[in-house]
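Remarks on the overall topology
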Amino acid sequence: MRRIINRRPGRGGIVFWGALPFLGAAALYAVASALRLAENPNDKLLPPLSAMAAAVARIAFTPDPRTGDYLMWADTLASLHRLGLGLGVATAAALVIGIAMGLIPYVRAGLSPFVAILSMVPPMAVLPVLFIVFGLDELSKVVLIVVGVTPFLIRDLAMRTGELPAEQIVKAQTLGGSTWQIVLRVVLPQMLPRLVDAVRLSLGPAWLFLISAEAIAATEGLGYRIFLVRRYLAMDVILPYVAWITLLAFVSDYLLRLFNARCFPWLKAGKGSA
Amino acid sequence: MSHVSVRGLWKEYPGQVVLERVDLEIPSGEFCALVGPSGCGKTTFLRMLLGQERPTRGGILLDGRPLVAEPGPDRGVVFQRYSVFPHLTVLENVILGREFEGSRFLGRLFGARRRAAEEEAKGILAAVGLGDHLRKYPAELSGGMQQRLAIAQALILKPKVLLLDEPFGALDAGTKAQMYELLLRLWSERKMTVFMVTHDLKEGFTLATRVLAFDRVRVDPTDPGAYGARITYDLLLTEKTAVQARLATAGRPRETQDRHGTQVAAL
């Protein structure tokens, strides 16, 4: 009998073991739901799949009688718009400030204590401030994402930039590179894939801030809808929405990973096939 | 011309003297090997030549003028590792020097100027035996090939002084022998002044025309940092210069052999 640390699943085994927890969770839900429904056919806590499908058909594929919108798509659009705007601003700011902090000693000396403290401010605690300052509409939600995500991105990028071998920076100078040229040709191209990875890691927090802000003050959006229908205990809407948000986050993470693999072939060079 | 003068050089870190009273006159075209035990200031000395660190006292003159206090295109460098850019192909790594020079704002050349730089780079890459690997990334090359790339990259701007910090420290014996021949050929063709830090005495004596040994002359057992290292031996291997000049010219037909990876006899 070989040790378990030396035994590896085959191709089919990986699919099987990977699928097992999903199937287990689904089965657990189906059983629990059936049991509750057998006791009380009007139970709202664990609705059957058919009820969820009906709810999705109602909110996603029939226009809302009051506004004429397809609610789920309007919510998705509104949320993605806020999320994209917030993450875009955060990424751009982190790129500029992070590289400057990592590469230029004076910028690091000036900003790193400030950013270190700033990143410890709990973003949710300043949400009321944002609502007061920026109003209750779009801006404050976008700003919450920016405030919540940017310090992490800056610190990560500054650290990665600082980790570039000093030899590379010296070599670039002996090739006649100015600070600007070194940033453009040596540092930036190597930091972009790192930044994309950092953005992937901050997708989770970004969704958290978005849904929190929408829950408190919004008129549309995925988070708004969930917290609205909560009042009616509408689990048949909430659960598909949660699944949908999860799917959106998963797909955006996957696309960013794909982007890195496509645009930065040197990342994989020398590892594996070569 | 690339005459290097070192005048009364001292280097101190807080609580530690690294180098004391170094005086040197290195005529143009000399190949200097810096040898000595670890931690005796060879690399610190090289860094000061490079402009990466400043002397505490004294100074270094290049052709009679004080050395610019930061790394610049008059001094090329090859480190033991990390000298090439992992995100650029072999060809892009070498033309980078020309791109910095020719495009102030973008650092990137296009069209005819890029093609000219590429042709120049291909010439140098062929000379170091990398002519068949232009589109590869450094991670796809072996250690010896990466060092040859680093040398090619440093040579495109025709530096007056070439600084080598244990460039062959991580290579196997066969590869080293090839690199020695390559380096001597390039050195005799381009008339550069070369400074090479090495911990391998044999390597130093094989390659250099002048061997500078660094060591601490005085040691205070109660305060190990009190005294710094000095140049204890300054050996001119003048007779070898003539032999090497002959070898370098005679060695030219062997270039193709070298490129196919046949081991070349050490000198």
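Each chain carries its own residue numbering, running from 1 in the direction its sequence is written. Chains carry letters and ligands carry numbers; both start at the beginning, A for chains and 1 for ligands, and go up in the order they are written. For this predicted model, a pLDDT threshold of at least 70 governs which residues receive local features, and a threshold of 80 or more governs which side-chain atom pairs are given and counted, while totals over whole chains, interfaces and linings are taken from all residues. Side-chain metrics rest on all non-hydrogen atoms present in the structure, leaving aside hydrogens and water.

Some points on the overall build of chain A
Put simply, the test is: Elements are defined by DSSP. Helices are runs of H or I of four residues or more, strands are runs of E of two residues or more, and each kind is numbered from the N terminus. We take the radius of gyration over the C-alpha atoms and set the globule estimate at 2.2 Å times the residue count to the 0.38 power. Buried residues are those whose accessible area, probed at 1.4 Å on protein chains only, stays under 20% of the maximum for their type, while exposed residues exceed 50% and partly exposed ones sit between those limits. Contact between two residues is taken to exist if any of their heavy atoms lie within 4.5 Å; hydrogens are not considered. Only the protein chains shown count as cover for residues, and the accessible areas themselves come from Shrake-Rupley with a 1.4 Å probe. Counting rule applied: Lys, Arg positive; Asp, Glu negative; His and chain ends not counted. Charge placement uses NZ in Lys and CZ in Arg. For Asp and Glu, CG and CD serve respectively.
A count of helical and extended segments in chain A gives 11 helices and 0 strands. N-terminal to C-terminal, the α/β element order of chain A is α-α-α-α-α-α-α-α-α-α-α. Since a compact globule built from 274 residues should have a radius of gyration of about 19 Å, the 24 Å found for chain A marks it as more spread out than a globular shape. With the C-alpha coordinates of chain A rotated into their principal frame, the extents come out at 80 × 65 × 30 Å. Per-residue burial for chain A yields a buried fraction of 38% across its 274 residues. At a minimum sequence separation of 6, the contacts of chain A that also span at least 24 residues come to 69%. Put simply, chain A shows about 15,800 Å² of open surface, and 71% of that area lies on carbon and sulfur atoms. Distance between charge centres in chain A, computed from 25 positive and 15 negative side chains, equals 13 Å.

Remarks on the overall build of chain B
A count of helices and strands for chain B gives 8 helices and 10 strands. Counting all 267 residues of chain B, 52% fall into the buried class. Of all intrachain contacts in chain B linking residues separated by at least 6 positions in sequence, the fraction that spans at least 24 positions is 70%. Surface exposure of chain B reaches about 12,200 Å², of which carbon and sulfur atoms provide 54%.

Observations concerning the interface of chain A and chain B
Quick reminder of the rule: A 1.4 Å probe defines the accessible area here, and the buried area is the portion of it lost by two parts on being joined, summed over both. Salt bridges are identified by distance alone: a Lys or Arg side-chain nitrogen within 4 Å of an Asp or Glu carboxyl oxygen. We call two N or O atoms a polar contact when they sit within 3.5 Å, provided that within protein one can donate a hydrogen and the other can accept it, with sequence-adjacent residues counted only if both atoms are side-chain atoms.
In this complex, chain A contributes 23 residues to the contact, which on the side of chain B involves 36 residues. Interface area, chain A with chain B, both sides summed: about 2,600 Å², of which 66% is carbon and sulfur. For the interface between chain A and chain B, the tally reads 1 salt bridge. At the surface where chain A touches chain B, the tally comes to 11 residue pairs in polar contact (both at pLDDT 80 or more). For the side of chain A that touches chain B, the secondary-structure elements that each account for two or more residues are helix H7 (166-174) and helix H8 (179-201) of chain A.

Some details on the environment of Gly-223 of chain A
All names here are of chain A. Relative to the helices and strands, Gly-223 resides in helix H10 (residues 222-229). Overall, Gly-223 belongs to the buried group, its relative accessible area being 0%. Residues Gly-223 and Ala-213, 10 residues apart in the sequence, show an inter-C-alpha distance of 8.0 Å. In this view, Gly-223 contacts Ser-79, Ile-211, Glu-214 and Ala-215; residues no more than four positions away in its chain are not counted.

Quick look at the pattern of salt bridges
Per the counting criterion, the structure on display carries 25 salt bridges over all chains. Glu-25 of chain B is the partner of Arg-7 of chain B in a salt bridge, and the nearest nitrogen-oxygen pair spans 3.5 Å. Remark: Glu-25 of chain B occurs in strand S2 (residues 16-26) and Arg-7 of chain B occurs in strand S1 (residues 4-13); sequence separation between them is 18 residues. By relative accessible area, which is 43% here, Arg-7 of chain B ends up partly exposed. In the salt-bridge network here, residues are joined through shared partners; they are Arg-185 of chain A together with Glu-99, Arg-114 and Glu-118 of chain B.

Quick word on a nonpolar patch on the surface
Note the cut-off: Grouping into patches uses exposed residues only, defined as over 30% relative accessible area, and leaves out salt-bridged ones; the cut-off is 9 Å for like charges and 5 Å for nonpolar side chains (Val, Leu, Ile, Met, Phe, Trp, Tyr).
Taken together, the side chains of Leu-247, Phe-250, Val-251, Tyr-254, Leu-255 and Leu-258 of chain A present a nonpolar region at the surface, about 560 Å² in accessible area. Accessibility expressed as a relative area gives 39% for Tyr-254 of chain A, which makes it partly exposed.

Notes on the confidence of the model for chain B
Residue and element names in this part refer to chain B. Basically, it comes down to this: pLDDT gives the predictor's per-residue confidence on a scale running from 0 to 100.
Taken residue by residue, chain B gives an average pLDDT of 83. The fraction at 70 or more is 89%. The secondary-structure element of chain B with the lowest mean pLDDT is helix H8 (residues 255-259), recorded at 39, while helix H2 (residues 90-102) shows the highest, at 92. In this model, residues 252-267 is a region of pLDDT below 50 whose contacts with residues beyond four sequence positions or in other chains number 19 contacts. For this predicted complex, the interface confidence reaches an ipTM of 0.83, while the overall pTM sits at 0.83.

Concerning helix H5 (residues 127-134) of chain A
Residues and elements named next belong to chain A. The criterion, for reference: Directions drawn from the helix axis to the C-beta atoms are what define this arc.
Every buried residue of H5 is accounted for by Leu-127, Leu-130 and Phe-131. The arc that holds every buried residue of H5, seen down its axis, measures 100°, which confines them to one face. Facing away from the buried side of H5 by more than 90 degrees, the exposed set consists of Ile-132 and Val-133. Its buried side turned inward, H5 meets helix H6 (138-162) and helix H9 (203-216). Directly after H5, the chain includes Gly-135, whose backbone phi takes a positive value near 85°.

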